[in-house]
Amino acid sequence: MPANGAPTKITQGSHTKGGIGESTLRPDGTLKVTGEFAYSSDMWHEDMLWGQILRSTVAHAEIVSIDTSEALALPGVYAVMTYDDLPTEVKHYGLEIQDTPVLAHGKVRHHGEPVAIVAADHPETARRAAAKIKVDYRELPVVTDERTALAPDAVLVHEHRDDHHIGHVPHPNIVHRQPIVRGDAAAAAARADVIVRGEYTFGMQDQAFLGPESGLAVPEEDGGVHLYIATQWLHSDLRQIAPVLGLPEKKVRMTLAGVGGAFGGREDLSMQIHACLLALRTGKPVKIVYNRFESFFGHVHRHPAKLTYEHGATRDGKLTHVKCRIVLDGGAYASASPAVVGNASSLGVGPYVVDDVDIEAIALYTNNPPCGAMRGFGAVQACFAYEAQMDKLARELGLDPVEFRQRNAMEQGTLMPTGQPVDSPAPVAELLRRVKAMPLPPERQWESSEGADVRQLPGGLSNTTHGEGVVRGIGYAVGIKNVGFSEGFDDYSTAKVRMEVIAGEPVATVHTAMAEVGQGGVTVHAQIARSELGVSRVTIHPADTQVGSAGSTSASRQTYVTGGAVKNACELVRERVLEIGRRKFGSYHPAWATAELLLEGGKVVTDGGEALADLVDVLEGEAVEVEEEWRHRPTEAFDLRTGQGNGHVQYSFAAHRAVVEVDTELGLVKVIELACAQDVGKALNPLSVIGQIQGGTTQGLGVAVMEEIIVDPKTAKVRNPSFTDYLIPTILDTPTIPVDVLELADEHAPYGLRGIGEAPTLSSTPAVLAAIRNATGLELNRTPVRPEHLTGTA
Amino acid sequence: MRVNFTVNGRPQQADDVWEGESLLYVLRERLGLPGSKNACEQGECGSCTVRLDGVPVCSCLVAAGQAEGRDVVTVEGLADYARQRTQGEGEGTSLDAAQRWQAAGGTDSRTGEGGALAPIQQAFIDAGAVQCGFCTPGLLVASDELLERNPNPSDADIREALSGNLCRCTGYEKIMDAVRLAAARQSEGV
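Reading guide: rules and limits
Residues numbered from 1 in each chain as written. Chains lettered and ligands numbered in written order. Predicted model: local features only at pLDDT ≥ 70, side-chain atom pairs only at ≥ 80, totals over all residues. Heavy atoms only, no water. Helix = DSSP H or I, 4+ residues; strand = E, 2+ residues; numbered from the N terminus. Expected span 1.5 Å × (residues − 1). Contact = heavy atoms within 4.5 Å. Phe/Tyr/Trp six-rings, centres within 6.5 Å; stacked < 30°, edge-to-face > 60°. Buried < 20%, exposed > 50% of the residue type's maximum accessible area, 1.4 Å probe, protein only. Lys NZ or Arg CZ within 6 Å of the ring centre and 35° of its normal. Pairing = 2+ DSSP bridges. Axes fitted to C-alpha atoms, helices over the stretch in contact; angles between N-to-C directions. Disulfide = S-S within 2.5 Å. Salt bridge = Lys/Arg side-chain N within 4 Å of Asp/Glu carboxyl O. Polar contact = N/O pair within 3.5 Å; in protein donor to acceptor, adjacent residues only side chain to side chain. Nonpolar A, V, L, I, M, F, W, Y, C, P; charged D, E, K, R; others polar. UniProt positions renumbered as here; feature names shortened; annotations may be inferred.

Undergrad: Explanation requested: helix 7 (residues 173–187) of chain B in the structure shown.
TA: Note: α-helices contain 3.6 residues per turn, so residues at a spacing of three or four share the same orientation. The end-to-end C-alpha distance of helix 7 of chain B is 21 Å, a good match for the 21 Å that 15 residues give at a rise of 1.5 Å each. The elements touched by buried residues of helix 7 of chain B are helix 17 (686–705) of chain A together with helix 4 (119–127), helix 5 (136–149) and helix 6 (155–161) of chain B.

Pasting the structure below:
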């Protein structure tokens, strides 16, 4: 049995069809194309009621009174609940800090905060009843930015903080602060021949997963409840839900319903507790489905950020130092803000060698919408800023931007600003080389014998140009993202694997609580089981809380950690199977005792290829089952004063080249191509790997040119909570995305793999911005870029 | 009110329909056909796309009453619809065909195996165009309609036809691949 993290030594599985390394197809693919896959919003139960949430219409206010009488009197209404109806003393929840009220009490702190909940026999009845609840607000001044948050007379968003960060933050409106100091940045600045400074703004991005927050809570005979839910982490939800309901965790059964995307937006609870409360109150199943408007209020967003950077370099193109300050707007509740601060600071320099750094990252409490996890998690905002700085420096030095990056690129053995050595391949220069080497798309592709095909021009079918004023630009960027939960978090996964004979065939069953949110974890689990156990038939058990935690489908960690747990459990099952084989058949052939034994093609074989027994015979009358936790190497907290510490377990790298065409007269951008090169360690499923890279790239494109939640700076109210006004890339906005996949094994990780989901979201945005700067010559210190920023009319 | 219309070749009747209900709501919540998806309910995402008398529409923007007496095809009926188109059958489903539909359509509820798929459905699986899958039903209906009227679309044609269908997972590349694959298989008669 290899210890955690040891490289695979044996050749087990290399001959098994449908194992790792193959582009096997999704086990849920057929259900998903026939419409039969049951998403959380598809749940249905006889006699079920519909839940509805009443949300605050103002961002910051005292609640003077709530009158529910008219709502309760409406025919078809079964229950109306407010804070006063909560069943226990636990009335708050949260991922790390329990600061989020289940229902508002005395005060609301952001626009759209849940105030009351309703259950009725028709969704429209529930909506109308919610509208009849009278809430009398006395408005308070709003905290919306660093100035209003940290002013001497600033209103405190949370008056009575007792969380574990309050002791080290300089102001109670700061959730968490993480400095990282290494070397002597001031002294190093004196050695710099060139210094560039910049202030950058990153807009608020929404995950915009398509499957709305939804689920069905069914009351059970034992007084408990069964929740069918779309989430990223069943056990994290459970830990937060059960105390509010006053139930032991075993009486809150959770089953993963189909998840329509997540991207970080389902790390926090949304309607989970509300549905359970209403189900327990009414004794009937309760379904809640947000519409898109409510979804914009129902989950946290990506932190908007202000970033101030100073970079220095010598004339020969070597970085001397980096100073930066990153201010993240965490909104009204903490959510994942502390961990986002840890990422923004520790990854704030990017994938470069810099010995002297002075970094500070903070997250604010404000009355803006709460912000938390989204794909890229703190590393995205920093990458946008440091890559803009790298281009500025290259220009000042008269160097090619790729060449300048390559001169400073980190490699295996480089020390991070945290002092942590990068102890696996870090092919930053190579990824840049590869992405630059890809052939460029031809110029003026819109031209045809019949004139301009406007569909291929900026503005598209709006027919705004036939090529006049259109300028091409090219830009490059590269980024670094951590994989897995960091800073000392006990980041484990559990897998239960069973092997038995069913209908005359050896079958493996894999049971985990992993949230399949679309990423393809279920595909990979089946591949791992085939490779490790030499069977063709693998059943993936539905994810639920009847098995131990699989951790979150976040941080690019699931293939690494739950995949690692499945591999580990399979290895233990394999040993048990071989023990049974030795017991039953060992006396028939000496190889049982002397050879290295593998499971291949439904047989026990020697590493020389000699078959010793059929698995059907070995397992006849015996099933083998193992449930086991698995951990990656432990990490450490960052020192609160210096930021030093081995905080991350693995890093992931991607580089992009963007080619854009800009209608410089109207400020319209068309991204022509967005090429990506990424090191994935080992592509367990190449088709899925490329799908992740292309999807992540496109989310980065979105926040480069269109995606932003607009919050009114005077009222802190959200102005564009709809797909009419919050735009995500359509198929017309999205270019071809050629992908070059590099596989350099990380010897510490299962199969040498590297978490892949987030890295492509980082460098995509700054590459597009660089290309637009290249086309227009404009500074462009904010993202997303809108037409007014390109035409000087902002 | 009561609404009578044909869904996937079968006459359907929905009772006690509130006048404000959309066709999407009636399909999903009253007729047990949740395949058409509810990602935005404001006509922006295309995940609820169905054919209404052959025309692709956002079923969230069609009042249920507007479907009275009309023909609706959803993702659940796409395989049958494609098969009938290939076989050149007329409108409606014969008793014989309906009986066969029961048998052929009998998919395993866990694995989805056993049911015949429309070529576009198979192409989406093969090309890796499905991740979370929430956009998939609408994209399948829209793509199938595109290939019905334009068996040999250019990339620009595909992008134009599918521009009303949002996908957040794939970056659309594999969706392009799937439509190209279905078109190629169609032209080869595979």
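Moving on from the model shown.
Undergrad: I would appreciate a short explanation of the packing of aromatic side chains in the present structure.
TA: Centre distance and the angle of the planes are the two values used to describe a pair of aromatic rings. Under the definition given, this model contains 15 aromatic pairs over all chains. Taking 6.0 Å as the distance between ring centres and 85° as the angle between the ring planes, the aromatic pair formed by Tyr 200 of chain A and Phe 384 of chain A counts as edge-to-face. Taken as a pair, Tyr 200 of chain A in strand 10 (residues 194–202) and Phe 384 of chain A in helix 10 (residues 379–397) lie far apart in primary sequence, 184 residues in all. Residue classification places Tyr 200 of chain A among the buried residues on the basis of a relative accessible area of 1%. Through a chain of ring-to-ring contacts, the aromatic side chains of Phe 37 and Tyr 39 of chain A together with Phe 134 of chain B assemble into a single cluster. When the ring centre of Phe 209 of chain A is taken as reference, the NZ or CZ atom of Arg 266 of chain A above it lies at 3.9 Å. Here the guanidinium or amino end of Arg 557 of chain A rests over the ring plane of Phe 485 of chain A, the centre of that ring lying 5.8 Å away.

Undergrad: Which parts of the structure should I look at to understand the sheet that holds strand 2 (residues 10–14) of chain B?
TA: Sheet strands pair by backbone hydrogen bonding; their relative direction is either parallel or antiparallel. Residue and element names in this part refer to chain B. Strands sit in the order 2-1-5-3-4 across an open sheet of five strands; the sheet is mixed. In the strand order of this sheet, the two ends are held by strand 2 and strand 4 (55–58), each with one partner. Adjacent strand axes in the sheet meet at a mean angle of 40°, parallel and antiparallel pairs treated alike. Its contacts with the sheet place helix 5 against strand 3 (49–52) and strand 4, and it is angled at close to 45° to strand 3.

Undergrad: Looking at this structure, I do not really get the sheet that holds strand 17 (residues 319–329) of chain A. What am I missing?
TA: Residues and elements named next belong to chain A. Sheet architecture is open: six strands sit in the order 9-18-17-16-10-33, paired in mixed fashion. The sheet is open, and its two borders are formed by strand 9 (174–182) and strand 33 (782–783), each paired with just one other strand. Relative to strand 17, strand 16 (residues 305–313) runs antiparallel, the two sharing nine bridges. In the strand pairing of strand 17, Lys 306 is matched with Val 327. Sheet contacts for helix 9 (residues 337–346): strand 9, strand 17 and strand 18 (356–364); angle to strand 9, the most-contacted strand, approximately 20°.

Undergrad: Any chance you could explain helix 3 (residues 123–131) of chain A here in plain terms?
TA: Turning to helix 3 of chain A, its buried residues are Pro 123, Glu 124, Thr 125, Ala 126, Ala 129 and Ala 130 of chain A. For helix 3 of chain A, the secondary structure elements touched by its buried residues are strand 1 (49–55), helix 2 (69–73), strand 3 (77–81) and strand 7 (114–120) of chain A together with helix 1 (23–30) of chain B.

Undergrad: Would you explain the state of the cysteines in this entry?
TA: Overall, the coordinates contain zero disulfides over all chains when judged by the stated rule. Left without a disulfide partner, Cys 58 of chain B is nearest to the cysteine sulfur of Cys 48 of chain B, which lies 4.5 Å away.

Undergrad: Mind showing me how you'd approach the pairing of strand 4 of chain B here?
TA: When a strand is regular, its side chains alternate between the sheet's two faces. Residues and elements named next belong to chain B. Looking at chain direction, strand 3 and strand 4 are connected through four bridges and run antiparallel. Bridge pairing links Arg 51 to Pro 56 in strand 4. In sequence, strand 3 turns back onto strand 4 through a hairpin of two residues, with Asp 53 there showing a positive phi of about 50°.

Undergrad: For this particular structure, what's the right way to read the interface of chain B and chain A?
TA: Interface extent is often summarised as the accessible area lost during association of the parts. Tallying the contact residues gives 57 residues for chain B and 69 residues for chain A. Viewed at the interface, chain A and chain B are joined by six salt bridges. Residue Arg 455 of chain A is joined to Glu 160 of chain B by a salt bridge in which the shortest nitrogen-to-oxygen separation is 2.7 Å. The interface formed by chain B and chain A contains 27 residue pairs in polar contact (both at pLDDT 80 or more). Those elements that place two or more of their residues in the side of chain B that touches chain A are helix 1, helix 4, helix 5, helix 6 and helix 7 of chain B. Top contributing element to the side of chain B that touches chain A by residue count: helix 4 of chain B, with five residues. A breakdown of the residues in the side of chain B that touches chain A according to their chemical character gives 24 nonpolar, 16 polar and 17 charged.

Undergrad: Whenever I open this one, the UniProt feature "domain: Aldehyde oxidase/xanthine dehydrogenase a/b hammerhead" (unreviewed entry) in chain A confuses me. Can you help?
TA: UniProt annotation of "domain: Aldehyde oxidase/xanthine dehydrogenase a/b hammerhead" (unreviewed entry) refers to residues 34–141 of chain A when read in the numbering used here. Secondary structure across residues 34–141 of chain A comprises 14% helix and 35% strand; the distance between its end C-alpha atoms is 52 Å.

Undergrad: What am I meant to see in the side chain of Gln 131 of chain B here?
TA: Take Gln 131 of chain B: it is sitting in the loop between helix 4 and helix 5. The exposure class of Gln 131 of chain B is buried, given its relative accessible area of 9%. In terms of polar contacts, Gln 131 of chain B uses its side chain to reach the backbone carbonyl oxygen of Gly 691 of chain A, at 3.2 Å. In terms of polar contacts, Gln 131 of chain B uses its side chain to reach the side chain of Gln 692 of chain A, at 3.3 Å. Residues within four places of Gln 131 of chain B in sequence aside, it is in contact with Arg 26, Lys 32, Gly 518, Gly 691 and Gln 692 of chain A together with Cys 169 and Thr 170 of chain B.

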